[in-house]
Amino acid sequence: MNQLFFSFIICMFISSQIIHSQTTTVKGEVTSNNGEPLPGVNVVEKGTSNGTVTDFDGLYSIKVTTETPILVFSSIGFGTQEISAVNISDLNVTLEEDAQALDEVVLVGYGTQKKQDLTGAIVSADLEQFQESPNTSVLQSLQGSLPGITVGQTSTTGAEPDIQIRGRSTLNGSQDPLIVVDGVIYRGRLNDLNPKDIKSVDVLKDPSSKAIYGAQAANGIVIVSTKSGKSTQRPTINYSTFYAVQTPTNTRRTNNRDEFLRSARDVDWENGYLAPDYTQDNPAWSPGVDPVFNPTSFEGVGNGTDFDWFGTATNPGYTQDHQLSIRGSSDKTSYFISAGLTNQVGWITNDNYDRQTVRVNIDTKITDWLTIGANTFGTFSDFSGVNPGLNALARMNPLVTPRDEEGEYIINPLGNNIVNPFLASSADDRDNLNNISAIFYASIDIPQVDGLNFRVNYSNNYRWSLRGNSNIYGAGLTGSAFKETSSTHDVLVDNILTFDKRYGQDENHGFKATLVVGLNTIDYEQTMAEGSGFGNLALSYNSLEQAVIQRISSDASKESYTAQTGRINYDFKRKYLLSASLRRDGFSGFSENNKTALFPSIGLGWVISNEEFLANSEAVTNLKLRGSYGSNGNLTSQYSSLSRLETPPESRYLFGDGGTTVNGQTVISLANPDLRWERTDGINIGADFGFFQNRASGSIDYYNSRTKDLLWDFILPELSGFSSIRSNVGEIKNTGLEFTLSFSPVRSEQFNWDFGVNFASNRNEIVELLGIDADSDGREDDLIANGLFIGESIGTIYDYEVDGFYQVDDDNIPDGWSPGLQRLVDLDNSGDITPDADRRILGREEPAYQFGISNSLSYKNFAFKFFINSIQGGSDGYLGRNNPDLQDSFGNAQNNNRFSDIDYWSPLNPNSTYRRLGVNAPVTAQRFFDRSFVRLQDVSLSYRLPQDVLDNIGIQNLKLFLSGKNLVTWTDWEGWDPETGQGLDSSNSGLPVMKSVTFGLDISF
């Protein structure tokens, strides 16, 4: 595979070599009308594919190839100029701002719209800010940078970050946003999209903007656009690479020999220390006295063993990345071709990820009215390898080793039921994920009808996985193996009719209408074969017939979606804006009585800065008020409304004397013929502003939404024979405030400074649940068993309150408790701790607010950027459960190791954070702590070679950069990382977040 990949890269280089006849070199500077240099201006020799772009100082140099050359200067936001360059070697150009072109164009679903004409809340990602970061997913460039968008950290290689838009508004429904790539709904992994191939990311947040996608839009829309060739651009070859060294953001380790022996004494503190205060070591205490250590651990005491299990299984990781692309166009055809190779080696053994990507985007203007194109990509990922479990690694004490004297693995090194973690990592493991996608489209400008366009998108996406694993230590040391294949075939067709035209005197009336009819089908199938009891695993998972016990299973499903959408946009004099849409959705997963639903929206806007009283204002560049209402839906799983059957082993029976075994069928779920869409209705009120030629600009938004008909598994009486039925219940309210501010304090020939901040606050509240008032108190009952409370957030924390620990000299220790265990607050003063009377609401898991701060400074050819990300809990929010491994079994607590940074109770440490080791109490409270943090998430320093140097060596652009990611985190959270919630507990903490230092190169020819 690698040979084919690199052969493809070589072919790309060879095919791009174009020989030009070069005569005269024209150099100069391009500036704006206020004298500021303009970087990134396209300079093209008219009638040819010969061209270049200006550097950060607005300088350019081009070798013209015709006898009467004409240079075309163009840039977004400025008017295009064509200037003769006959017998000219120095040509300075001033571009005039184009008021109409200054309107930024954003993707809005089934089309584009100028940002000035928007009535909803849509934000665009600044991908340039994170260009030097070692991001393997474009989502990592959104972390903390967009208000209302929460993107989680990842702790394993190749992992897909979680993303949440404007908080949580569902109980059991999907929380994932809808992803749209190049105008087509995309259901694969965003990690399969090469970040270097992506041109822009726009996020639709408010109900009005989202309503264009109706039933699938409740959680927000992420619209991704990939790169293409620029108009009349000569072929440009770009190669970029980086190498990142990665280590955990928080350095942790397990106890060494001396620390472990001390913890064993702490477990047995009544014998390990001298009475009455138990602060002095008891010289008579020995870990060999029954029942302190198991024999294997006690043997290690005598022979001086001090083995570092944790250190052996962990090493600094790294990421290396190579990207190659060719981009260009002629008068009729533009193209973008790329290939990428990403290799990640994780911090823990066998946490590896390899990705190979190929993309070809091409479009051709066949006639004046017909354009066709294709956006295709292929991604081939390898996650093979099983890492030793962090839980078992942390428990292995330093007195034992993983191998015996013959070099063979010891199955149970501690002499208990904990298996050697290196057994799992010795498996022969295969885990491949592959994704190929092709979007074909035709765009027809209807002849004789000015402004009318018909576009058809046809998308064919095929995703498949190949998994296999064999391990001689599996299935109780008898050997186990399995092999699994699965595939998903996703086909979508959208027919889009758009009419866009301005009418009246001075074109005062702007009208745009969009009609969409779409169909989407998804076919899934899976087959798995597994076996245990192998006499020989030499053929690994490729000879499952050798297993003594063999099992086979298969699955398949088919989903279908239909949609009809209409949208109207109208403006008068670009001052008064109206947008409205209506979508009808159908989904096969809902009940027979509710297959379809309607989702409307409306939005209004007033561009105050276009009024006559502000038309000549030097201070106010842009000022717009907007408000919108919309309705969105959320999907259920495909079988939620149906009665399902299974054939479990316990349903097998013999038919007749001496008959064969027959597979019986068991009904496992009840049908609900009235299951409806989960629906979110909401409003958004906002303002956009810009002052002093947008030197200061920003936006502010307030939203309020209510989600009704929540998808919920209603608990049924056991007598029914079923545990639950999927139903529609209750209501949730979501409110929030967001704003962004951007400043450009300095704009000069040598030095530029851009500064930005974003802020978002969200609160959700359960308004209604089941509507049951069993205690007849006039108030709907809470669902305490599910942690759901009327008037509180979904993430409400309801538990006992802890008031320190019982101490050695306490006289009032209740029966069942002992020194070092939690002192729980008796809220009802009954003398007993009971769950009904002595628990209370302690706070919530959701944060109070989050913010991001970005800085970008450039001086001559140097650029320095940094980004700070923060999530804050306020007085009682963003709390996370953090319970370290404090074994409740006396023997386990002494023989099992733990992390060295756990502040547990002992007579020598009475004011600890956590309870004592080895003994549990009749009632134990979960411990919740503040996860608030401020993180220096991204920082980079880059240098671009001067243009005169590049001209001498025949290179268009060369950039060197050094960057850091997650370098510093300020937090009171204990454990691996506050953002992921990975704490002190090894069994539930996952893996740590990585910080990295990256060296990179970006070069264009």
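Residues numbered from 1 in each chain as written. Predicted model: local features only at pLDDT ≥ 70, side-chain atom pairs only at ≥ 80, totals over all residues. Heavy atoms only, no water.

Caption draft 1: Just the overall build of the protein, in detail. Counting secondary structure elements, the protein contains eleven helices and 48 strands. Against the 2.2 N^0.38 benchmark of 30 Å for 1005 residues, the protein shows a C-alpha radius of gyration of 32 Å, consistent with a compact globule. The 1005 residues of the protein split such that 52% are buried. Of the contacts formed within the protein by residues at least 6 apart in sequence, a portion of 69% connects residues at least 24 apart. In the structure as shown, the protein presents an accessible area of about 44500 Å², 53% of it carried by carbon and sulfur atoms. (Helix = DSSP H or I, 4+ residues; strand = E, 2+ residues; numbered from the N terminus. Rg over C-alpha atoms; globule rule 2.2 N^0.38 Å. Buried < 20%, exposed > 50% of the residue type's maximum accessible area, 1.4 Å probe, protein only. Contact = heavy atoms within 4.5 Å. Areas by Shrake-Rupley, 256 points an atom, 1.4 Å probe, with all protein chains shown as cover.)

Caption draft 2: How the structure looks around the nonpolar core. Within the largest apolar cluster, 28 residues are counted, with the highest numbers of intra-cluster contacts made by Phe310, Trp347, Leu393 and Ile902. Taken together, the elements giving at least two residues each to this core come down to α6 (309–312), α7 (390–395) and α8 (422–425). Not counting the four nearest positions on each side in its chain, Leu393 is found in contact with Trp309, Phe310, Ala313, Ile348, Pro388, Pro421 and Phe422. Of all hydrophobic cores here, the second largest spans 22 residues; its members include Val138, Ile179, Leu190 and Leu193. (Core = buried A, V, L, I, M, F, W, Y, C linked by side-chain atoms within 4.5 Å.)

Caption draft 3: Summary view of the environment of Phe377. Along the chain, Phe377 turns up in strand β21 (residues 370–382). When the C-alpha positions of Phe377 and Leu393 are compared, they lie 40 Å apart, and in sequence the two are 16 residues distant. Leaving out residues up to four positions away in the same chain, Phe377 has contacts with Tyr186, Asp192, Leu193, Val358, Arg359, Asn435, Ile436 and Ser437.

Caption draft 4: Quick look at the pattern of salt bridges. Taken as a whole and assessed by the stated rule, the structure comprises 35 salt bridges. The partner of Glu738 in a salt bridge is Arg166, and the shortest N-O contact between them spans 3.0 Å. One end of the pair, Glu738, is in strand β36 (residues 724–747); the other, Arg166, is in the loop between β12 (163–165) and β13 (178–181), with 572 residues separating them in the sequence. A salt bridge links Glu979 to Arg935; its shortest N-O distance comes to 2.9 Å. One end of the pair, Glu979, is in the loop between β47 (957–971) and β48 (994–1004); the other, Arg935, is in strand β46 (residues 933–944), and 44 residues separate them in sequence. Across the pair, Arg935 and Glu979 agree in class, each one buried. The network of salt bridges with shared partners includes Lys624, Arg626, Asp688 and Asp701. (Salt bridge = Lys/Arg side-chain N within 4 Å of Asp/Glu carboxyl O.)

Caption draft 5: Broad picture of the packing of aromatic side chains. Counted by the stated rule, this structure contains 33 aromatic pairs. Consider the rings of Phe260 and Phe293, whose centres lie 5.6 Å apart with planes at 15°: the pair is stacked. You can see Phe260 sitting in helix α3 (residues 257–267) and its partner Phe293 sitting in the loop between α4 (269–272) and α5 (295–303), a full 33 residues away along the chain. Accessibility expressed as a relative area gives 0% for Phe260, which makes it buried. With relative accessibility at 11%, the residue Phe293 sits in the buried group. Grouping aromatic residues by their ring pairs yields a cluster made of Phe307, Trp309, Tyr409, Phe422 and Tyr473. One cation-aromatic arrangement involves Arg403 over Tyr409; the distance from NZ or CZ to the ring centre is 4.0 Å. (Phe/Tyr/Trp six-rings, centres within 6.5 Å; stacked < 30°, edge-to-face > 60°. Lys NZ or Arg CZ within 6 Å of the ring centre and 35° of its normal.)

Caption draft 6: View of the sheet that holds strand β5 (residues 70–75). One open sheet accounts for four strands, arranged β3-β2-β5-β6; its pairing is antiparallel. Whereas interior strands pair on both sides, the edge strands pair on one side only; in this sheet they are β3 (51–53) and β6 (78–84). The mean angle between the axes of side-by-side strands here comes to 15°, regardless of whether they run parallel or antiparallel. Taken together, the three bridges between strand β2 (residues 42–45) and β3 define a ladder with antiparallel strand orientation. For Val44, the partnering residue across the bridge sits in β3 and is Gly51. (Pairing = 2+ DSSP bridges. Axes fitted to C-alpha atoms, helices over the stretch in contact; angles between N-to-C directions.)

Caption draft 7: Structural detail: the confidence of the model for the protein. Averaged over every residue, the pLDDT of the protein is 87; residues scoring 70 or more account for 90%. The low-confidence segment residues 3–22 (pLDDT under 50) makes 33 contacts with residues lying over four places distant or belonging to another chain. (pLDDT = per-residue confidence, 0-100.)

Caption draft 8: Representation of the side chain of Thr305 within the structure. With respect to the helices and strands, the residue Thr305 is situated in the loop between α5 and α6. Side chain to side chain, Thr305 and Asn303 meet in a polar contact 2.4 Å long. Residues contacting Thr305, with those up to four places away along its chain left out, are Arg257, Gly300, Pro398, Leu399, Val400 and Thr401. (Polar contact = N/O pair within 3.5 Å; in protein donor to acceptor, adjacent residues only side chain to side chain.)

Caption draft 9: The arrangement of a nonpolar patch on the surface in detail. A surface patch of nonpolar side chains, about 740 Å² in accessible area, is lined by Leu578, Ile602, Leu604, Tyr629, Ile683, Ile685, Ile700, Tyr702 and Leu737. For the nonpolar patch, the elements supplying multiple residues, two or more each, are β28 (596–607), β34 (678–691) and β35 (696–715). In this fold, Leu578 is placed in strand β27 (residues 576–587). (Patch = residues over 30% accessible without salt bridge, like charges linked within 9 Å, V, L, I, M, F, W, Y side chains within 5 Å.)

Caption draft 10: Summary view of the sheet that holds strand β16 (residues 221–226). Across the sheet, which stays open at both edges, the five strands sit in the order β10-β15-β16-β13-β14 with mixed pairing between neighbours. Two strands in the sheet have a free side with no partner beyond their single neighbour: β10 (122–124) and β14 (184–186). Neighbouring strand axes in the sheet, compared pairwise and without regard to direction, differ in orientation by 30° on average. In terms of strand pairing, β10 meets strand β15 (residues 198–204) through three bridges, oriented antiparallel. Following the sheet pairing, Val123 is matched in β15 by Val203.

Caption draft 11: Main features of unusual backbone geometry. Here the amide bond leading from Ala275 into Pro276 is cis, since omega sits at 5°, within 30 degrees of zero. Counting through the fold element by element, Pro276 comes out in the loop between α4 and α5. Of note, the phi angle at Arg166 is positive, near 55°, even though the residue is not glycine. With a phi close to 70°, Gln448 is a non-glycine residue in the positive phi region. Judged by its relative accessible area of 82%, Gln448 is exposed.

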